[in-house]
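In case you want the letters, here they are:
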Amino acid sequence: MRSATRIAGALVAAAVMAGALSACGSASDGGSGGGPEEVTFWGSWSGDQAKQLQAQADAFNAAQDEYEVKYVAQELVEEKLLTALASGSVPDVVLWDRYNTPLYVPKNALSPLDEYIEADGVDTTQFYDQAMGELVVEGETYGLPLLVDNRSLFYNTELLADAGVEPPTDWDSLKNAAEAVTERDGGKLSVAGFALDDPGLFNIWLRQAGGQMFSDDGATTAFNSPEGLEVLEFWQGLLDAGVYEPGFGEGVDSFAEGSTAIKYDGPWALTALDEAEVDYGIVQPPVGPDGDQGAGMGGFGLVIPSGAQQPDGAWEFIKWWTTQPENGVDFAKISGWIPANVEAANDPYFTQDDRYQAFIETMEYAQVRSNIPGASDVEGKALIPALEKFLGGETDAATALKEAQELGDRILADNAQ
């Protein structure tokens, strides 16, 4: 089921490549000797992930001699970008959480890329539609999608096999499997059947129940509904069955340690799980009571800030990485991330690997979060706090949804003014 050897081999190869390519890039040292123009690349990734990004930049640097991309990690990269705009010293390209695009375009933080796209004949249909749509605001395109993700269902193969249950395919089989694998030691939970620890995934569950987060016109919330209540009643059933307790496994990766049997997670988790040598499988998210599918799509794009000193070099880097499928696959081999380029995502590297198959299948119906003005605040300030109170036993399902609806509707109204 796992491909730890393959991942390890790819990481070693990437390290060798990065070292070799950094030597190739030394021709630009000194700057003024007519060498490549430096392109500054910002992102929030740090540590090992920063090394992955620089290794990919080094591959681009080796592929041409006009530009040299250097990655610089930044905490709170969006806020740092606004500060840089005010000072007139912005990076040339940014690894961008696509969800933030409609928030920052009105701040004049990003440059439209339509002229570049048209001049080079870039076909934007080569990317997942949902991901591409997050980078388009009022008909203008502000970036190209780079990486996509979704939350699919991870399960501990050994724990499920010992309990004699199959990987879940719907809500009923999820509850049955979670109950079957739950273990207690002297009444204390020792193995959680299912990790019900992320109320931020409510929107996925709501889709599985056949509901929606907002009204069709985007003017009001729509989660305080029979479908929303059905989700919380199912969650309550899991809690009543004792398959999870709030706070269980905090501070550790309980799935990697074998003390959580089933959980939602994304492709970023693969490398750590392989290193932990846990036997796991991944399936698509279970369907809801009426067979409805539901999954969320997230991920990153590449954008050029307003006022970038090397927009042409930034564009060449963006185009090289996003539109050439082999470059997306190469980055996956060192990072675990799925390319937003559909051809790259369907490369045998993914389709012939059991770990990725479910993610690729799920991507076909995964949906991005709403870009309605105020939608992110509805989730972050109204819905999730109410759901946390519900999971903690501080309020009942109907009250939680009603309170979240009232505050959420006010937030939407305020943003519509």
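What you are looking at is a predicted structure, and each value in this text was computed from that prediction instead of being measured. (Residues numbered from 1 in each chain as written. Predicted model: local features only at pLDDT ≥ 70, side-chain atom pairs only at ≥ 80, totals over all residues. Heavy atoms only, no water.)

Draft legend 1. Expanded view of the packing of helix H8 (residues 171–181) against helix H10 (residues 226–240). Where H8 contacts H10, the two axes come as close as 10 Å, and the packing angle between them is 15 degrees. Classified by the interaxial angle, the pair formed by H8 and H10 is roughly parallel. Between H8 and H10 the crossing geometry is right-handed. On H10, the residues that touch Trp171, Leu174 and Lys175 of H8 are Glu230, Val231, Phe234, Gly237 and Leu238. Class assignment of the residues belonging to the contact of H8 with H10 gives a composition of five nonpolar, one polar and two charged. (Axes fitted to C-alpha atoms, helices over the stretch in contact; angles between N-to-C directions. Helix = DSSP H or I, 4+ residues; strand = E, 2+ residues; numbered from the N terminus. Parallel < 35°, antiparallel > 145°, perpendicular 65-115°, else oblique. Left-handed = near helix turned anticlockwise from the far one by under 90°. Contact = heavy atoms within 4.5 Å. Nonpolar A, V, L, I, M, F, W, Y, C, P; charged D, E, K, R; others polar.)

Draft legend 2. The pairing of strand E10 (residues 262–265), seen in detail. The side-chain alternation of E10 yields two buried faces, one formed by Ile262 and Tyr264 and the other by Lys263 and Asp265. Alignment of strand E7 (residues 152–156) against E10, held across four bridges, turns out to be antiparallel. Of the residues in E10, the one forming a bridge with Leu153 is Tyr264. (Buried < 20%, exposed > 50% of the residue type's maximum accessible area, 1.4 Å probe, protein only. Pairing = 2+ DSSP bridges.)

Draft legend 3. Layout of helix H17 (residues 375–391). Taking 1.5 Å per residue, 17 residues should reach 24 Å; H17 reaches 22 Å between its end C-alpha atoms and fits that length. Residue Leu383 marks the point of greatest curvature in H17, where the axis turns by about 35 degrees; the proline Pro385 follows within four residues. Among all positions in H17, only Ala375, Val378, Glu379, Ala382, Leu383, Ala386, Leu387, Phe390 and Leu391 are buried. Taken together, the buried residues of H17 touch helix H9 (202–208), H10 and helix H18 (397–416). Phi turns positive, to about 80 degrees, at Gly393, one or two residues after H17. (Expected span 1.5 Å × (residues − 1). Bend = angle between axes of the 7 residues up to and from the residue.)

Draft legend 4. Representation of helix H2 (residues 48–63) within the structure. With 16 residues, H2 extends 23 Å from end C-alpha to end C-alpha; this agrees with the ideal 22 Å at 1.5 Å per step. Residues of H2 that are buried: Ala50, Gln52, Leu53, Ala55, Gln56, Ala57, Asp58, Ala59, Phe60 and Asn61.

Draft legend 5. Quick peek at the sheet that holds strand E6 (residues 144–150). As summarised here, the arrangement of the six strands in space is E2-E1-E3-E12-E6-E13, forming an open sheet in which the pairing is mixed. The strands lining the two open edges of the sheet, one partner per strand, are strand E2 (67–73) and strand E13 (338–339). Pairing geometry for strand E1 (residues 37–43) and E2, over seven bridges, is parallel. Residue pairing for E2: Glu38 is matched across the bridge by Glu68. Lying over the sheet, helix H3 (residues 77–87) contacts E1 and strand E3 (93–97), oriented at roughly 135 degrees with respect to E1.

Draft legend 6. Structural context of the pattern of salt bridges. Summed over all chains, the structure comprises 14 salt bridges. In this structure, the salt-bridge partner of Lys70 is Glu38, at a minimum N-O distance of 3.7 Å. Of this pair, Lys70 sits in strand E2 while Glu38 sits in strand E1, and the two are 32 residues apart along the sequence. Here Glu38 falls in the partly exposed class, since its relative accessible area comes to 44%. The partner of Glu406 in a salt bridge is Lys402, with the nearest N and O atoms 2.5 Å apart. Placement of both Glu406 and Lys402 in helix H18 is noted, with a separation of four residues, approximately one turn of the helix. When its relative accessible area of 45% is taken as the criterion, Lys402 is described as partly exposed. Via salt bridges that share partners, Asp120, Glu316 and Lys319 belong to a single interconnected network. (Salt bridge = Lys/Arg side-chain N within 4 Å of Asp/Glu carboxyl O.)

Draft legend 7. Broad picture of a negative patch on the surface. A cluster of acidic residues, Glu37, Asp65, Glu66 and Asp312, forms a negative patch on the protein surface. Within the fold, Asp312 resides in helix H12 (residues 311–323). (Patch = residues over 30% accessible without salt bridge, like charges linked within 9 Å, V, L, I, M, F, W, Y side chains within 5 Å. Areas by Shrake-Rupley, 256 points an atom, 1.4 Å probe, with all protein chains shown as cover. Lys, Arg positive; Asp, Glu negative; His and termini not counted. Charge placed at Lys NZ, Arg CZ, Asp CG, Glu CD.)

Draft legend 8. Structural view of the sheet that holds E7. On the basis of which strands lie adjacent, the open sheet formed by three strands has the order E10-E7-E11 and antiparallel pairing. A strand with exactly one partner marks an edge of an open sheet, and here the two such strands are E10 and strand E11 (280–283). For this sheet the average axis-to-axis angle between neighbouring strands, irrespective of direction, equals 30 degrees. Here four bridges tie E7 to E11, and the two strands are oriented antiparallel to one another. Pairing of Phe154 across the sheet is with Ile282, part of E11. Lying over the sheet, helix H16 (residues 354–363) contacts E7, E10 and E11, oriented at roughly 15 degrees with respect to E11.

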